[in-house]
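Tertiary structure, described
Each chain is listed here by its residues.
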Amino acid sequence: MGDLTRLTAAETAAAVASGETSAVEVARAHLDRIAAVDDRVHAFLHVDADGALAAAAAVDDARAAGRALSPLAGVPLALKDVLTQTGVPTTCGSRILEGWRPPYDATVTARLKAAGVVILGKTNMDEFAMGSSTEHSAYGPTHNPWDLDRIPGGSGGGSAAAVAAFEAPLAIGTDTGGSIRQPAAVTGTVGVKPTYGGVSRYGLVALASSLDQAGPCSRTVLDAALLHAVIGGHDPMDSTSLDVPVPDVVAAARRADVRGLRIGVVRELGGEGYQAGVRQRFDEAVELLTGLGAEVVEVSAPHFPYALAAYYLILPSECSSNLAKFDGVRFGLRVGEDVGDPSIEQVMGRTRAAGFGAEATRRIMLGTYALSAGYYDAYYGQAQKVRTLIQRDFAAAFEQADVLISPTAPTTAFRLGEKLDDPLAMYLNDVATIPANLAGTPGMSLPVGLAPEDGLPVGMQIMAPAMADDRLYNVGAALEAALLDTWGRPILEGAPAL
Amino acid sequence: MSTRTNDAVLPYDEVVARFDPVLGLEVHVELGTATKMFCGCPTEFGAPPNTQVCPVCLGLPGSLPAVNEVAVESAIRIGLALNCSIAEWCRFARKNYFYPDMPKNFQTSQYDEPIAFDGWLDVDVETDEGMRTFRVGIERAHMEEDTGKTSHQGGATGRIHGADYSLVDYNRAGIPLIEIVTKPVEGTGKYAPQVAKAYVASLREILRGLGVSDVKMEQGSLRCDANVSLRPSPDAPLGTRTETKNVNSLRSIERAVRYEMTRQAAILDAGGRVTQETRHWHEDTGITTSGREKSDAEDYRYFPEPDLVPIAPSREWVERLRASLPENPHVHRARLQAGWGISDFDMASVVNAGAVEVVEATIAAGADQAAARKWWLGELLRIANERGAELEDLPITPVEVARVEALVADGALNDKLARQVIEGVLAGEGDPDQVVAARGLAVVSDDGPLLAAIDDALGAQPDVAEKIRGGKVAAAGAIVGAVMKATRGQADAARVRELLLERLGVSDQA
């Protein structure tokens with residue numbers, strides 16, 4: 001076989017299942033690729049070569065023993081470092097968890113293992129998933145494979161970059177306000193935030209419990225669907241997990257037929273503030289969808305402009321409480337217990353001061369303030385009302401359209417350091433992705449071309465009603481096929497060699 | 001632990017003559033569910049530290065809670081038994097504060113949406129005018145999780161300040177708790193301490209009847225915080241309250257409330273102001289000492305727990321639970337009292353001693369009601385008070401007490417020997433029959449040795465013998481006493497007396 005790292009997940013699984021290659025060979029090829037490029041990309045915080053090879057060998061043994069293989073058996077995957085994996089370091093991109101090896105598997109991790117997916121290692125991220133550039137990782141930024149001087153998006157920049165750099169055909173990301181979709185957009189990959197409750201959060205170290213959702217990162221829509229099918233479904237360990245069947249996302253990705261579908265362009269997510277090349281590629285994709293037989297309509301979501309403000313009250317509030325457990329008492333970093341004769345409060349304070357970076361500290365303080373007596377109603381309470389209005393906007397829009405579309409991010413990848421000192425500019429990257437988190441609805445980003453002015457990938461976001469994730473895959477796969485026809489090759493084949 | 005204090009107190013009569021007390025009682029009940037509130041860990045008491053833990057109750061990163069349905073059911077049943085309304089929809093909330101024995105640094109509790117609210121409980125208290133029923137309003141009963149347990153090692157006080165290091169046991173973390181909060185309890189006047197005690201005693205009886213908790217105060221499965229405030233008159237606004245913690249027995253509740261009333265009254269009397277604070281009750285010295293100051297401004301930053309979905313008990317479920325509630329203890333007690341044929345006063349004594357169940361069980365084991373009450377409210381209550389324990393926590397069962405009484409009724413034991421048997425059972429020497437055998441405590445029923453002892457006693461006290469012969473039968477007591485002493489109490493005093501009078505040829509006309 002040729003370069004095993006260039007195969008899609010579906011192709012890899014087929015090759016392993018047929019015996020054309022072995023899972024161990026596939027794992028080795030990816031570990032070699034990581035060794036070759038990751039010093040420049042820095043997608044991984046931890047590579048678990050031994051664990052990966054052992055998992056691959058187990059798949060090969062199962063095949064040799066004639067046991068049935070699951071659809072992704074033997075396919076390598078990069079796991080965002082916010083999900084626990086027994087015995088493997090899990091840092092969440094933070095100093096405060098340095099050295100912590102969880103004693104348990106996240107449900108997502110357990111399902112991947114059960115499906116014979118080969119976990120290569122843990123990917124870089126903004127600290128506790130707070131950021132849109134991966135620059136807030138305590139372990140240094142990840143670099144965009146399209147241009148190493150640019151950001152790979154965030155918080156899941158490591159997962160997206162690993163997939164874009166052919167270090168893994170699949171990755172798991174988590175999306176609280178766009179952390180799967182925005183990195184996908186700026187790296188030319190596919191990323192899906194499933195319906196809230198569609199994938200278990202058990203073992204996903206919480207940023208904002210009511211917004212977080214794990215989902216697939218890949219190079220093709222079908223690959224994302226295959227991964228979605230493995231990790232999705234009810235989990236009694238997560239009370240917010242939905243006890244309903246996972247929509248048949250794989251069948252939808254194979255259907256790829258938008259004829260007669262009503263596709264709504266969200267008026268409030270576009271226009272001013274969006275880069276010209278982003279708008280151009282988005283408009284072209286809309287035309288393509290029309291050409292495929294979809295009925296494109298414009299819809300309005302009048303409260304979406306308030307989403308960002310509401311999000312930056314709800315998220316910090318939940319995060320200030322979720323991150324309280326990082327205190328140096330039971331796990332992770334402990335600082336200053338030998339300095340003077342400190343009280344437990346002092347050790348907690350020193351540990352948190354040393355362990356959390358600037359963005360985490362900023363959001364903890366914002367959230368602590370927003371939840372304070374006398375401010376709660378004005379901030380958290382008001383933000384929850386906005387959240388309800390946004391849910392109603394979605395409900396109204398889905399009366400007029402089967403799916404909604406917008407650019408995923410306002411711009412292509414910006415330069416490392418460009419927005420690091422301007423949190424508000426950084427936050428604006430997620431302006432189009434945040435509404436779906438507030439509403440709990442699913443969203444996908446897929447590449448729709450390169451912006452003419454900078455040659456960098458542009459992503460389109462598709463949004464669907466809750467538990468209609470299959471619509472994302474149907475529309476995404478149809479558009480992907482049409483774009484492939486136009487381009488003549490997958491977009492990532494046009495990325496500069498590393 | 002030093003509990004010295006210079007707090008002045010006002011005599012109680014003066015306190016109640018000049019001030020009107022208002023109580024607020026917060027009771028935490030550990031539910032007796034097999035597993036914890038939000039995870040599958042066992043809840044058994046007394047396991048080695050940190051052996052009943054998992055990622056969830058340790059609050060490890062990534063873990064999530066899942067509600068224990070049995071705990072919700074228990075909470076609803078408690079609410080119903082306390083005549084509360086049951087919420088049609090309620091949520092958990094996070095109570096945020098940092099403390100090392102709280103794994104997540106927030107407690108998953110309920111805030112403005114408790115599962116049960118607005119109920120009442122009637123309690124009976126013996127007053128100067130006879131038995132009186134006080135209705136205690138129930139503000140709410142809500143679900144929450146317990147914290148771990150910190151023990152401070154080294155240092156002089158056993159408290160966190162000055163300790164060398166602290167150990168935390170998370171076995172208790174996540175055990176389901178129900179917090180039951182009363183409305184302000186007004187109009188009790190001088191009976192406030194008794195009402196407080198009677199409330200907790202009744203509550204405990206109800207909870208035991210429901211089978212939702214073992215309600216053992218000394219093991220902490222029922223914990224009471226007593227809020228006390230004073231005001232010049234029932235029309236005056238509420239005074240500043242203190243919250244007394246560490247009140248670990250029924251008796252302590254009464255004493256602690258009474259002490260706080262006298263302490264606060266002395267402050268007010270001197271023109272001072274009561275500090276709003278947490279106070280610690282000290283069983284040994286019978287006083288409270290200042291804990292941390294607590295202001296209303298303490299900010300727990302409550303917000304709805306986003307990791308749990310709301311609880312919406314169906315009306316059918318609630319009605320099913322209501323229909324299956326056990327007999328109300330108030331009704332149950334009335335039935336028992338009628339059956340035993342005892343006065344209101346006697347029944348109140350049983351209730352206030354927390355002895356309803358043990359007396360009932362002792363009677364069920366064959367003792368008559370008078371004897372059962374005599375043992376539990378006499379000798380055993382005295383011992384329990386000495387030990388600062390509850391009756392039911394004494395290491396003797398109603399069946400054993402009934403057996404002791406049976407031995408007395410058969411004449412195998414007299415009262416004095418019976419007390420020794422009880423002492424032996426409590427000391428772990430075995431059941432009553434084993435103690436009798438091991439200690440050789442049987443009543444001497446053979447007349448031979450008794451007659452010998454009588455002769456010895458008569459010989460030693462010839463003047464007394466003369467008096468008896470002369471018809472002063474009352475003097476026989478001295479000889480009987482001497483015989484009892486000589487036989488180390490193992491004789492049946494009545495038989496000794498009989499033999500003595502026979503020996504002296506005197507008939508018993510006294």
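Fair warning: this is a prediction, and the values are worked out from it, not measured in the lab.

On a plain count of helices and strands, chain A comes out with 16 helices and 11 strands. Over its C-alpha atoms chain A spans a radius of gyration of 21 Å, differing by no more than 12% from the 23 Å that the globule rule assigns to 498 residues. Taking all contacts inside chain A whose residues are at least 6 apart in sequence as the whole, residues at least 24 apart take part in 77%. Of the roughly 16,400 Å² that chain A leaves accessible, carbon and sulfur atoms contribute 53%.

The domain boundaries assigned to chain B delineate domain 1 (12-320), domain 2 (353-439) and domain 3 (447-504). Placing the centre of domain 1 of chain B and that of domain 3 of chain B at their C-alpha centroids yields a distance of 59 Å.

Another point: helix H1 (residues 9-18) of chain A. Residue and element names in this part refer to chain A. Along H1, the residues classified as buried are Ala9, Thr12, Ala13, Ala15 and Val16. Each buried residue of H1 sits inside an arc of 165° when the element is viewed along its axis, so together they form one side. Buried residues in H1 make contact with helix H2 (23-41), helix H3 (49-64), strand E2 (76-80), strand E4 (170-174) and helix H7 (221-231).

Here we take up the environment of Ser372(A). Position of Ser372(A) among the secondary structure elements: in the loop between helix H12 (358-370) and helix H13 (377-400). Sequence spacing of Ser372(A) and Ser317(A) is 55 residues, and the spatial spacing of their C-alpha atoms is 9.6 Å. Ser372(A) has contacts with Asp299(B) and Arg301(B), leaving out every residue within four places of it along the chain. At 2.8 Å, the side chain of Ser372(A) and the backbone oxygen of Thr368(A) are in polar contact.

All names here are of chain A. Here 11 strands make up an open sheet; going across it, the order is E1-E3-E2-E4-E6-E5-E10-E11-E9-E7-E8 and the pairing mixed. A strand with exactly one partner marks an edge of an open sheet, and here the two such strands are strand E1 (44-47) and strand E8 (295-299). Sheet twist, expressed as the mean angle between neighbouring strand axes with direction ignored, is 30°. Relative to strand E6 (residues 214-218), E4 is paired through five bridges, and the arrangement is antiparallel. From the neighbouring strand, Ala171 faces E6, where its bridge partner is Cys217. Strand contacts of helix H9 (residues 276-291): strand E7 (262-266), E8, strand E9 (403-407), strand E10 (443-450) and strand E11 (457-463), with the helix running at about 50° to E11, the strand carrying the most contacts.

To continue, consider the pairing of strand E5 (residues 190-193) of chain A. Residues and elements named next belong to chain A. Residues Val190 and Val192 of E5 are buried on one face, and the alternating residues Gly191 and Lys193, pointing to the opposite face, are buried as well. In terms of strand pairing, E5 meets E6 through two bridges, oriented antiparallel. The residue bridging Gly191 from the neighbouring strand is Cys217, located in E6. Bridge analysis of E5 against E10 gives three bridges, and the strand direction is antiparallel.

With that settled, consider the pattern of salt bridges. Residue and element names in this part refer to chain B. Throughout the structure, instances matching the rule amount to 57 salt bridges over all chains. Arg135 is the salt-bridge partner of Asp122, the closest N and O atoms lying 2.8 Å from each other. Of this pair, Asp122 sits in strand E5 (residues 116-127) while Arg135 sits in strand E6 (residues 130-145), and the two are 13 residues apart along the sequence. Given a relative accessible area of 17%, Asp122 falls into the buried group.

Here we take up the state of the cysteines. The tally for this structure, following the rule as stated, stands at zero disulfides over all chains. Cys92(A) takes part in no disulfide bond, and the closest cysteine sulfur, belonging to Cys319(A), lies 12 Å away. Residue classification places Cys92(A) among the buried residues on the basis of a relative accessible area of 0%. Cys54(B) forms no disulfide, and the closest cysteine sulfur to it belongs to Cys41(B), at a distance of 3.6 Å.

What counts as what
Residues numbered from 1 in each chain as written. Chains lettered and ligands numbered in written order. Predicted model: local features only at pLDDT ≥ 70, side-chain atom pairs only at ≥ 80, totals over all residues. Heavy atoms only, no water. Helix = DSSP H or I, 4+ residues; strand = E, 2+ residues; numbered from the N terminus. Rg over C-alpha atoms; globule rule 2.2 N^0.38 Å. Contact = heavy atoms within 4.5 Å. Areas by Shrake-Rupley, 256 points an atom, 1.4 Å probe, with all protein chains shown as cover. Domains from an automatic or database assignment. Buried < 20%, exposed > 50% of the residue type's maximum accessible area, 1.4 Å probe, protein only. Arc of directions from axis to C-beta. Polar contact = N/O pair within 3.5 Å; in protein donor to acceptor, adjacent residues only side chain to side chain. Pairing = 2+ DSSP bridges. Axes fitted to C-alpha atoms, helices over the stretch in contact; angles between N-to-C directions. Salt bridge = Lys/Arg side-chain N within 4 Å of Asp/Glu carboxyl O. Disulfide = S-S within 2.5 Å.

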